[in-house]
Structures are given as C-alpha cells and as structure tokens.
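Structural features, examined
Residues per chain are reported as follows:
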Amino acid sequence: MEYGFVDSHCHISANEFEEDLEDVIQRSTEAGVQTLVAVTEEVGEFARVLQLQERYPNLVAPCFGVHPLQAGGGSEQRSATPLDLEAALPEFYKHRERLVAVGEIGLDFTPWCAPTQQDRDDQMSVFVKQLSVARELDLPVNVHSRSAAKVTIATMREQGVSRALLHNFAGKPSVALEGVRAGYFFSFPPAVCRNQQRDKLIQRIPLEHICLETDSPALGPDKHVRNEPSNIVLSCRHIAKVKGLSPQTVQLVTTQNAYRLFPKANSR
C-alpha cells in the first residue's frame, strides 16, 4: 500500500510501554502504521517523547502538551492549574522545530474531576494559553474534550484556531458539525468497536474530517487489556463498516487528512 496508517493520537511515551517497546513498535509497523503522533500530558514526559523520536525518527512525531487533568494523590486526578503549565512553557519554544503539534490539551469537565468553578476556570486558563502558544508556533492542536465538547469547540473558534484534532470525540453530532464547519478533524479509537454509541456520530461526520487514533495504552477493543498502535486497523474497519466504505478508502483518506492536519509529521 502506498499509504500506511497514521495513529493521530497515542501515548507511546507512557510507562505501560517501557518493558516491551521494541515489540510494540514492530507490531505497529507490521500492521502498516507509518506515523505515531505521540502526545504528552505533562512536562515530565517531554524528554521521553523526544528520545523516542531520536530512536524512531521516521515513526514518532512528538507533541508537547499539558493535559486538563493531572495526577493528584495516589490514583486521583485533579484539574490542571497555571502552575502546571509554567514549567512546560519554555520547553515548547526550546523544541519548537521538533514538534508536530501542541497536545494533549483541552477541557475535562467530568464532575468528579472538575467539581468546582475554580477547577473549570483553571483548566480554561491552561487551555487558552496553550492555544495561544500553538498559534504563535504555527502548530495544530491535539485536543481532549470530555464532558466539554461544545465549550471546547466554541473556545477554539473564539481563539482563532483553524487546525485541530478532537480526539475520542463523544459530543453530540450537532456539536461535531460546528467543528466540521470550523475545519476541525475528529478521531476515534478502537474502543468504538465495543458498542454502537458513536456510530451516529461517525455517520454524520464527513470522512474528509476523520482521522484514526488508538489513544494507546487506553481505549482498546478490550478495556482490561493494554491497547497499542497496531490496533488502529480495528478503528479503520469499524469506521468503514459504519460508513459503508471499504477499509482501503478509509485508510487512504484518513492518512491524507492526518498529514494535512499535521504536515510536519509527513516529512519524517
């Protein structure tokens, strides 16, 4: 095949891949994956994703971002604050030439993660600042929007963002179409195969605005098993089935979409 798959949102620098990364990469390339758009969630991951780019220069396309949820005590998560972003900001500028996007950034207004207005205000502040950095560096954004689909898209439009991927999008089709009108893209992980909840959404979004992702190590076909980039084939097949298209068409168009959105990922 002339075009391989682009995993437009994965966490290949996650600890879950440390022990058998070589095998994971090998399975990915054997499945036809040619680019991993590797997002990060906090400044402690930035060096690791750059190391992986050095190790796999034709495969790993790094992104820097501060996720709306950060590690709290134990397994708890808390909303990001401007302090979380402070240490990260100089790194965006220092490594700007190597980055293909700013991400994973966004909003997560799930009630138990952002119970107060202050939490939501802090997340918004961190998000808007990173949108501003992306504009300044002329980079697209790779975006999380759980329980905040409408406000995430509205904020990006207000901030003049023209290039964005809304990963694992779960908002209403009407909200997604607002994003389509703004020129944004949407991606779906293998977990969509587990139920039909997203099928209406996938039907409504034009293929020209869809990318493939795995969100590895999360959101795989089995919620109790670590996900990995080779499972991108499952996302492709599911979208093809829902849209009544061939998997080859979905693979070709989503890869073209990903490289249009992340042009620096195509020069590796």
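Preceding block: the structure.
These lines cover the structure that appears in this document, whether it is placed above or below. Going along each chain's sequence as written, the residues are numbered from 1 onward. Residue-level local features of this predicted model are given only where pLDDT is at least 70; pairs of side-chain atoms are given and counted only at 80 or more, and the full residue set underlies all totals for whole chains, interfaces and linings. Excluded from the side-chain calculations are hydrogens and water; all other atoms, namely the structure's heavy atoms, are used.

**Considering the sheet that holds strand β9 (residues 185–188)**
In short, DSSP must find at least two bridges between two strands for them to pair. Secondary structure elements follow DSSP: runs of H or I of four or more residues count as helices, runs of E of two or more count as strands, with numbering from the N terminus. Pairing within the open sheet is parallel, and its 8 strands lie in the order β1-β2-β3-β6-β7-β8-β9-β10. Across the chains shown, the open sheet's two edge strands, defined by having one partner strand only, are β1 (5–10) and β10 (210–212). The mean angle between the axes of side-by-side strands here comes to 30 degrees, regardless of whether they run parallel or antiparallel. Bridging between strand β8 (residues 164–167) and β9 involves 3 bridges; their strand directions are parallel. By the bridge assignment, L165 is partnered in β9 with F185. When checking whether two residues touch, look at their non-hydrogen atoms; a contact exists if any pair is within 4.5 Å. Between the N-to-C directions of two axes lies an angle of 0 to 180 degrees, each axis being a line fitted to C-alpha atoms and, for a helix, fitted only over the stretch in contact. Strands in contact with helix α2 (residues 46–55) are β2 (33–38) and β3 (60–64); relative to β3, the strand with the most contacts, it is inclined by about 160 degrees.

**Quick look at α2**
Structurally, the α-helix is built with 3.6 residues per turn, so residues lying three or four positions apart point the same way. For α2, the set of buried residues is F46, R48, V49, L50, L52 and Q53. At its buried positions, α2 is contacted by α1 (21–30), β2, β3 and α4 (89–94). Note on exposure labels: buried denotes an accessible area under 20% of the residue type's maximum, exposed denotes more than 50%, and partly exposed covers the range between, all computed with a 1.4 Å probe on protein chains only.

**Focus: the nonpolar core**
Definition used in this section: a nonpolar core is a set of buried Ala, Val, Leu, Ile, Met, Phe, Trp, Tyr and Cys residues joined via side-chain atoms within 4.5 Å. Within the largest apolar cluster, 69 residues are counted, with the highest numbers of intra-cluster contacts made by I12, F92, V141, M156, F169, F186 and F188. In terms of nonpolar packing, the next biggest core, distinct from the first, is built from 15 residues, C63, L165, Y259 and F262 among them.

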